Amino acid sequence: MGKLLSRVRACTLSAVLLTATVLSACSSKEETVEKSVKLWTAPSYIKIYQDIDYSKDEAYTDWYESTELNVSMFMNEKEGGQVIVTPDYDVDKYTVSVSDLTGKDGQKIAKENVTVYNQKYVDVLVPSKAHTNSIIGMVPDALLPFEKAVEYGENKIGKNNNQGIYLEVDSKDVSAGEYTGNIQLTVDNKTHNVPLTVTVWDATVSEETHLKSSFLLRNQELLENEKDGTDEMYTTYYEQFVDYRLNITKFTQSFDEETYIEGLRKYYPEPGISTLHFPRCEDASRTNYDENLVKYWFKRLAEICFEDETNYYSKLYYYLAIIDEPHLTKTEDKVVPIFKKFAVARHTTIRELQENRASYDVSDELFNAVVDGIENFQLLLTCAYRADFLYENNKSTPENPDEEYVITWCPYMSAYNNEIDAEKHRNEGIAEWWYSCNYPVNPYPTYHLDDAILPARLLSWMAYEHNVVGNLYWRVNYSSEENAFGVRETVEDPYDITNLTQETNGEGLLVYPGKPYGIKGFVPSLRLVAIRDGMEDYEVLRYAGEKCKQIAKDAGYADFDLNTTFSKLYQALYSGTKVTGGPDDFTESRELLSKIAVFADKGTIISDVQNKPYSTIVKVYVSNGTLKVNGKEANFTVNGSGKEYTVEIKQDKETNYLKCTLEQGSESFDFEMLIGGEKKALDLAKVSFKSNNKVNEISTSKGSDGVTVTMGALKLKEDGSKWEDETQRIYLSGDVLSDTLKKGKGVTAIMIEIENLGEAFDLSVKYTGTRSSGDVFTFTEQRIEANTTAIVMIETSVLTWDFGAVEQLRLHLKYDDVYQEHAIKIKSLICAF
Amino acid sequence: MKKNLLKMLTLACAAVFVTTSLCSCSKQEEKQEESGARIITTQLLNSFSSEKELYQAILSNGYGKMSLNKDKEYYTTGSGSAALWVADNNGTPMLFRQRLESDVLGYDYTDFTKVKDVRASVYNASEEEVQVMFALEFSDGSKSSMKKYTLQSGWNSLHYDVDREMLSMQFDISKTMYLAYTFTPNETPYTVYVDDISLSLTTSAMQEVVQTIEKDEICSFDKNYQMSVFSLHCYSTIRMAYFADFGLTANPDRVKSGKAFYVTTKAGMEEKGNWYWMKLNSKYSEMIDWKSLTEDDVISFWVYNEGPLTSLAFSVLTNKGKTVQVALNNGKMKANSWAEMKVKLSDIKAAADAAKQLEKDEKIGDILTGINVGWGPFDDVAQKTFYFDEFKIERGGAKA
């Protein structure tokens, strides 16, 4: 658990080793030379570099020694797997074919449902800026349709190189079950077979895409690389992106009204389109928005909604590119006026619509939905929450109610890493979007070439957990490099993107032009496929989530928290928005998601997960049936027509699972969920409690159930001023901490069990390292409610421990009134392994 | 006038070289002719016979597309041509650039000290005339002035004589990156076929160009080579297409003395508030003793404006790689009359101070490296012609 590209224990895609021996005669010496080709497999969510020798890398052993390709997927999903060919000689030619896959009762997945791609590689020479785990070398990226690789003579492999063959299975119209078939590879006229097994889970990826996206496609690069900047080519790309469940920022390049409306009518009904951009309203200077045009379009679009009896506003948004990243582009002064301008246009339009209600022959439902769409229109501002941009801090004098606006914040996804920051965006925005570009870098998810591929997929999982509705990305087809004079040049070979003028490798480029291979449209990349796969995962999460919420509602769970139910799905993969998990963790989480989705279909949900010092208590609500653990019905209480089962999983082993079976009539459904590793308490008697006496005094009282710490009132600085953060502090230290919380000890989380003996406070847990020269780092921030006992969970798996061991754990407590005494009890300090 | 400053720019390159060493690409065709000691080699740069060759051309701006034509009617040699479809998109021209260096095909013709001319064949498949401008683009992003061609229906030959000596005064022509063809859209979309772009390579050495300036002269425009001491710029390559004409004139009504420099420019796009700039070339600028300038001095020049009222701006280039700008004539320039512009170095110093360009103890003369004159904004559609003359330094002029 908690590894990034780490050792594999159990992999859904098992793998195979096929060694083929070819005897050939050397014409000059008549010697017999043994040539061999190693075939192995890997899941879609790892990158196998062309020039890395994986034979001795233990982290890859299970894949490197694999004997077959297994793909597990939901219904109506596209999911891939890789066959890697590693010859010990120069291969002149290889071809691939796939058989039909057969299941039970004559069911099959036709071979046409399997698309084969040849992987192309980018020579990444320099690590992306600020990356800490960059892997440079020949990185797989473009996925060239295999027949094109053959047509253009690219089905060759250099000696000892790894050549990835990517197979994508489409389970559209395929029933749940297991299907088997064969992949046939002919390498220099020698035929090899790799068994292919596809497991289709009994849950469906929605046809409709719900996670919004705004990915910018630039025409200039179409001209440069496709040699075609026409609307036709733009549209080809736009529609191809829809196949990847992503929406290009604007569906037309045109400013023409008729063209826009025609496009709106064409694309709105498409299930793969979740996001449609409002018409362009820039004024002639292109440095501001035209107030009249904004007003015109709000009303015009409302009228089109009424005319077509369709609420187009449900998919419309506006990305305010003129004030893009206002903190970086010196457009901060424009933010408030622009939001007010749009607000006035919206409110004026709503008023006019309401005044003329009688003239619109539409239902109240539609009318109100359109008005609501205008009122809550998503205006995206690409920056993190700033109080000085809020309407309440920028009211005109006298106040003009028409100017009232709410910002749709679109910060870096790193802004959601801690709950306190995330809450600001949630509470103060209409909807939540996020974006990434050169920054942030790992351990946050990136689309960078030298990062792992899994994080690109996990971004959608994070979006679902954090209730983020949209993902913005600044460019899909960037391809410029700088010459020695710093002048922008078009790359000569659009597949050689080694020197793009970005701080991070591959940034802004997710697709390659098809023209060099006679393809109309783009050639996808491994990264684009990972993003698409994440979008599909999101749909399953959403499907299962909606089901769970409905079951909880029907069962009367007033405080049901879906994120608690799904916590074990996310736990091994990431913390906040920092990636902590690797491919094997992901395999397990996908498997668990399939189980949760099936359980939800059967009216069963995990209704609560409670972290206890040495165990975890899982509550399972079953609306119909019986839950058995070790063959016996678990303890339960009756809840309406259903039962709530309570299962405590002791965490005294290296890995601890909830294993249970749901029985409904003659059917039974097995469920297995990783709870976590072992939990061990640190001896509180050996922990030293201190504070910075200049800030506040503390006193301690040790009892059998913990240490009560009383903090004196916050002091003023020597010069009489206040401390900047105005928090009371408790510092924990001692050998017991530094001997345990360090690299190699395998601590994935620290849990501080705190009993709050008074009013609520915001807790910030910081730490210093034995090698960090006085630097203070923040672990986590969260709210501790009044008079409750809470377990503060600190994920450590993301740490590189380059600060040495943890020297001090510092608790900063922010009460409403810090200038009086407060007390908490630290009941236990537990390390989870 | 007394000559007291003489500088020579030696622009000659090696007298003898082997032309074939320029290119290792076996696909390129070569023809040689010998004329005395000079060998002219015709090097076919692109016959557009394959997609790879097509990829040596880059499209930018504008609205349209390019594809490989295999219809024999529209190519001359090889087995294809570049079919370029140009449609109107708010008047933005289509830029078609041919690479002069290729890693993929392994050629390098960037050294234009050895290039005598550039030729291309273009088939105009429409019934209307098509306007195309040609320029060289250099690796530092600078561009030569454009030469305009009018393409008639059918095949047209585009021939551009490389005036190496003149170009070398403005640019480092040994680092020429692209041949840039700018196609102006017509009301009706049209197709042209570009084929057989070739270079004539010569073994003859470039002639020395001796440039001289008088005491305190910046540029009098009385010597023919002074036609090239200012280069013209605007916000994009494409807008450069609208430089209709420039050169030296001896028209007595339009000179202050000897000859004057004239520039005719068309309007920019209104929403851009476009400005044009003429910049003193760095090589020429090196001859001027900027360092001796003090706050008491003045840079002066004459300008005659044939067009409507226009703002004029003056800026200096500093050794910090920045420009420091001052407005002239209260931001306006009278039409149809000569006006003398005087730029006080003290004003430039104040602007440099404000822009934090001057370090402590640095004098204004220490940081100057060149001058630029700009005019605009072009918010109307009028064509404008300006005449410039007698750029000079007036020592102590600020006290007068």
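The structure presented is a predicted model; accordingly, all values stated were derived computationally and were not measured.

1. Observations regarding the overall build of chain B
When its secondary structure is counted, chain B shows 6 helices and 27 strands. For chain B, buried positions account for 57% of its 400 residues. Of the contacts formed within chain B by residues at least 6 apart in sequence, a portion of 75% connects residues at least 24 apart. For chain B, the accessible area works out to roughly 17,000 Å², and carbon and sulfur atoms hold 47% of it.

2. Some details on the environment of Glu68(A)
Residues and elements named next belong to chain A. Counting through the fold element by element, Glu 68 comes out in the loop between helix 1 (61-64) and strand 3 (69-75). Note on Glu 68: relative accessible area 24%, which makes it partly exposed. Glu 68 sits 125 residues away from Asn 193 along the chain, and the two C-alpha atoms are 9.0 Å apart. In terms of polar contacts, Glu 68 uses its side chain to reach the side chain of Asn 70, at 3.3 Å.

3. Focus: a negative patch on the surface
Together, Asp51(A), Asp123(A), Asp493(A), Asp496(A), Glu101(B), Asp103(B) and Asp108(B) give the surface a local cluster of negative charge. Structurally, Asp51(A) is set in the loop between strand 2 (32-43) and helix 1.

4. Points about the packing of aromatic side chains
Counted by the stated rule, this structure contains 85 aromatic pairs over all chains. With a centroid separation of 4.9 Å and an interplanar angle of 75°, the aromatic rings of Tyr447(A) and Tyr473(A) are classed as edge-to-face. Of the two residues, Tyr447(A) is situated in the loop between strand 18 (433-435) and helix 11 (454-466) and Tyr473(A) in strand 19 (residues 470-473); the sequence distance between them amounts to 26 residues. Consider the rings of Tyr74(B) and Tyr123(B), whose centres lie 4.9 Å apart with planes at 65°: the pair is edge-to-face. With Tyr74(B) in the loop between strand 5 (63-69) and strand 6 (81-87) and Tyr123(B) in strand 10 (residues 115-124), the pair connects residues that are 49 residues apart, well separated along the chain. For the pair Tyr74(B) and Tyr123(B), a shared accessibility class is recorded, and that class is buried. Within the aromatic cluster, the residues linked to one another by ring pairs are Phe221(B), Phe230(B), Phe246(B), Phe261(B), Phe301(B), Phe314(B), Trp375(B), Phe386(B), Phe388(B) and Phe391(B). Its end group placed over the ring of Tyr178(B), Arg97(B) keeps NZ or CZ at 4.4 Å from the ring centre.

5. Some details on the sheet that holds strand 32 (residues 656-664) of chain A
Residues and elements named next belong to chain A. Reading across from one edge, 29-28-32-33 is the order of the 4 strands in this open sheet, with antiparallel pairing throughout. The sheet is open, and its two edges are formed by strand 29 (632-633) and strand 33 (667-676), each paired on a single side. Contacting strand 28 (626-629), strand 32 and strand 33, helix 15 (residues 583-601) runs over the sheet at an angle of about 135° to strand 33.

6. Some details on the interface of chain A and chain B
The partner chain B presents 31 residues to the 28 residues of chain A that form the contact. The junction of chain A with chain B conceals about 2,100 Å² of combined surface from both sides, 49% of it contributed by carbon and sulfur atoms. Taken as a group, Leu223(A), Lys227(A) and Glu492(A) account for 35% of the area that chain A buries against chain B, more than any other trio of residues on that side. The tally of links from chain A across to chain B stands at 1 salt bridge. Salt-bridge contacts for Glu51(B) lead to Lys515(A); the nearest nitrogen and oxygen are separated by 3.7 Å. Across the chain A-chain B interface, the total number found is 14 residue pairs in polar contact (both at pLDDT 80 or more). Looking at the side of chain A that touches chain B, the elements with two or more residues in it are helix 3 (219-226), helix 4 (231-243) and strand 21 (488-490) of chain A.

7. Examining the pattern of salt bridges
Residues and elements named next belong to chain A. Tallied over the full model, the rule gives 60 salt bridges over all chains. Here Glu 257 ties to Arg 300 by a salt bridge, and the two come within 2.8 Å at their closest N and O atoms. Here Arg 300 lies in helix 6 (residues 291-308) and Glu 257 lies in helix 5 (residues 257-267), a separation of 43 residues in the sequence. Residue classification places Arg 300 among the partly exposed positions, given a relative accessible area of 24%. In this structure, the salt-bridge partner of Asp 388 is Arg 386, at a minimum N-O distance of 2.7 Å. Asp 388 gets classed as partly exposed once you look at its relative accessible area, which sits at 39%. Several salt bridges converge on common partners, so that one network encompasses Glu 77, Glu 79, Glu 168, Arg 457, Arg 532, Asp 533, Glu 536, Asp 537 and Arg 590.

Definitions and cut-offs
Residues numbered from 1 in each chain as written. Chains lettered and ligands numbered in written order. Predicted model: local features only at pLDDT ≥ 70, side-chain atom pairs only at ≥ 80, totals over all residues. Heavy atoms only, no water. Helix = DSSP H or I, 4+ residues; strand = E, 2+ residues; numbered from the N terminus. Buried < 20%, exposed > 50% of the residue type's maximum accessible area, 1.4 Å probe, protein only. Contact = heavy atoms within 4.5 Å. Areas by Shrake-Rupley, 256 points an atom, 1.4 Å probe, with all protein chains shown as cover. Polar contact = N/O pair within 3.5 Å; in protein donor to acceptor, adjacent residues only side chain to side chain. Patch = residues over 30% accessible without salt bridge, like charges linked within 9 Å, V, L, I, M, F, W, Y side chains within 5 Å. Salt bridge = Lys/Arg side-chain N within 4 Å of Asp/Glu carboxyl O. Lys, Arg positive; Asp, Glu negative; His and termini not counted. Charge placed at Lys NZ, Arg CZ, Asp CG, Glu CD. Phe/Tyr/Trp six-rings, centres within 6.5 Å; stacked < 30°, edge-to-face > 60°. Lys NZ or Arg CZ within 6 Å of the ring centre and 35° of its normal. Pairing = 2+ DSSP bridges. Axes fitted to C-alpha atoms, helices over the stretch in contact; angles between N-to-C directions. Buried area = accessible area lost by both parts, 1.4 Å probe.

It is worth stressing that arrangement in space is one thing and function is another; only the former is reported here.
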